[in-house]
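Examining the three-dimensional arrangement
What follows is the residue order along each chain.
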Amino acid sequence: MESGTPGGSGPAEPGPRLRGLGGALQAAWASLLSGAQAQAQAEGGCCAPAVAAVLPAGGSGERMGVPTPKQFCPILERPLISYTLQALERVRWIKDIVVAVTGGNMEAMKGIIQRYQHKRISLVEAGVTRHRSIFNGLKALAESQPNSRLSRPEVVIIHDAVRPFVEEDVLLKVVTAAKEHGAAGAIRPLVSTVISPSSDGCLDHSLDRTKHRASEMPQAFLFDVIYEAYQQCSDYDLEFGTECLQLALKYCHVKAKLVEGSPDLWKVTYKRDLYAAESIIKERISQQMCVVMDTKEDEEHVGRCLEEMLKNELNHVKVMSGRDLQQVILEQCYNFVCVNVMTSDFEKTQKLLNVLDESNLSILYPVVVISVHFLDNKSIPFGRKMEDLMQIKELAREVKKRNILLCGLLIYYPQDEQKLQESLRQGATIIATLIKERDSGLIGQLLIA
Ligand SMILES: Nc1ccn([C@@H]2O[C@H](COP(=O)(O)OP(=O)(O)OP(=O)(O)O)[C@@H](O)[C@H]2O)c(=O)n1
Ligand SMILES: O=P(O)(O)OC[C@@H](O)[C@@H](O)[C@@H](O)CO
């Protein structure tokens, strides 16, 4: 059993915050604590029940149909499993995350932990089936090894490593329910009707869809319940079973509490699921953009016009000014528009790139930077301007190494106000597309509005 970097908080993640759940979350969390623990915690003493997570990640992903096991398939050039780890790391009350990977993928997994600065991760050897992988994870928690940071938790979450969209609220729900019932699992309505075929390959009967649900993840258990179940488990169940809740029922007579899960809990199984996951992630990190500009009078007017145009074009996107870049970065904004009005050099854009580089913002998600320039016939001859702007190719190649996608946008800046508005509108549309698509194939390009 190997440990990743111990301690510390995990990387933050954009996406739905637990807005408005503060009170409910606190109440649910308080219900997790026993009376004495609640009293002690209220007095700033003891912590809440120890909660750990086991992530089975030892599969080969045959249904994905590619050589790379799906948990390591890239989404925006980052392995799928890293998104799941990030989602669980955001939940501070999960003390340890145990990941079961095959021996052949152990080094690759350690590399992912290091590169994406994942915390609180321990690695164990996967088994030849999902149940065996989970069992290995439970053993690592039950039987603390020498030099191991792991300890036996009160409650353990089991969550497939290929289910990246898991939020704190559903984790808290299953953990709270498991503490009360011994076991709990997320469920979703069936999308297709389940049928039972007869031996001759014809329909025998169909199940009433309203009386059945799809079993998803996360699931949670009192550790003693699920560990006992796995220890009692038959070889047949270890080999062919797919349902942890069933093991708790069959071997410990514990009836799991079923918790309604959100639509995003689905498991990445087929290639289409990878495309869907990438679309969801792109959408989540395109919700905000920051417009960086000088406040000199002539520049401000054009910059403000572009900013207003962006707000109109991208009504769901929060457009922020770049006055306090550190705050913008703290809010996990991954999209920056740098407005250069009367200049064709990249001094301001370079300054922004330096700030982004120091922030480590682009470790988890590609950061889009669009260097906007205005083409007016007065200030600089066209040929000279184009020559200057061509520097963007080299600059973009350099910053791509740091996962920053830089491209340029040249907006025609006519004297006529109406034509200027039309150019700005076209520019806003191009900016919106670049941010939504996040296509690294466009880096270093100079688009013209
Ligand atoms: N021996 C195994 C098999 C599966 N899993 C994990 O269990 C989760 C859900 O299983 P599934 O979707 O079936 O993954 P695969 O077995 O990889 O997929 P396939 O059946 O298409 O090969 C995945 O995170 C997978 O990595 C595991 O830890 N150990
Ligand atoms: O059956 P598979 O190996 O594809 O995946 C395991 C799933 O069945 C499992 O994650 C949920 O059904 C909940 O148990």
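This structure is a prediction, so every number in the text was calculated from the model and none was measured. (Residues numbered from 1 in each chain as written. Chains lettered and ligands numbered in written order. Predicted model: local features only at pLDDT ≥ 70, side-chain atom pairs only at ≥ 80, totals over all residues. Heavy atoms only, no water.)

**A closer look at the sheet that holds strand β16 (residues 367-375)**
- The six strands lie next to each other as β14-β13-β15-β16-β17-β18, forming an open sheet whose pairing is parallel. What marks the edges here is a single partner per strand, and that holds for β14 (318-321) and β18 (446-448). With direction set aside, neighbouring strand axes in the sheet form an average angle of 25°.
- Relative to β14, strand β13 (residues 288-292) runs parallel, the two sharing four bridges. If you follow C290 over to β14, its bridge partner there is M320.
- The strands touched by helix α13 (residues 347-359) within the sheet are β13, β15 (335-340), β16 and β17 (404-412), with β15 carrying the most contacts at an inclination of about 155°.
- Lying over the sheet, helix α14 (residues 382-389) contacts β16, β17 and β18, oriented at roughly 170° with respect to β16. (Pairing = 2+ DSSP bridges. Helix = DSSP H or I, 4+ residues; strand = E, 2+ residues; numbered from the N terminus. Axes fitted to C-alpha atoms, helices over the stretch in contact; angles between N-to-C directions. Contact = heavy atoms within 4.5 Å.)

**Some details on the packing of helix α5 (residues 130-142) against helix α7 (residues 223-232)**
- Running from N to C, α5 and α7 cross one another at 125°; their axes reach a closest spacing of 10 Å. Between α5 and α7, the angle is such that the two are oblique. Relative to α7, α5 is oriented so that their crossing is left-handed. For the pair α5 and α7, the contacting residues are H131, I134, F135, L138, K139, L141 and A142 in the first and F223, I226, Y227, Y230 and Q231 in the second.
- Of the residues that constitute the contact of α5 with α7, the class distribution is nine nonpolar, two polar and one charged. (Parallel < 35°, antiparallel > 145°, perpendicular 65-115°, else oblique. Left-handed = near helix turned anticlockwise from the far one by under 90°. Nonpolar A, V, L, I, M, F, W, Y, C, P; charged D, E, K, R; others polar.)

**Some thoughts on helix α6 (residues 168-181)**
- End to end, α6 covers 20 Å across 14 residues, agreeing with the expected 20 Å (1.5 Å per residue, within 8%).
- Trailing α6 by a residue or two, G182 shows a phi angle of about 95°, which is positive. (Expected span 1.5 Å × (residues − 1).)

**Looking at the environment of S362**
- Following the sequence through the fold, S362 ends up in the loop between α13 and β16.
- Setting aside chain neighbours within four positions, we find S362 in contact with V367, R402, N403 and I404.
- At 2.6 Å, the side chain of S362 forms a polar contact with the backbone oxygen of R402. (Polar contact = N/O pair within 3.5 Å; in protein donor to acceptor, adjacent residues only side chain to side chain.)

What is shown is where atoms sit, not what they do.
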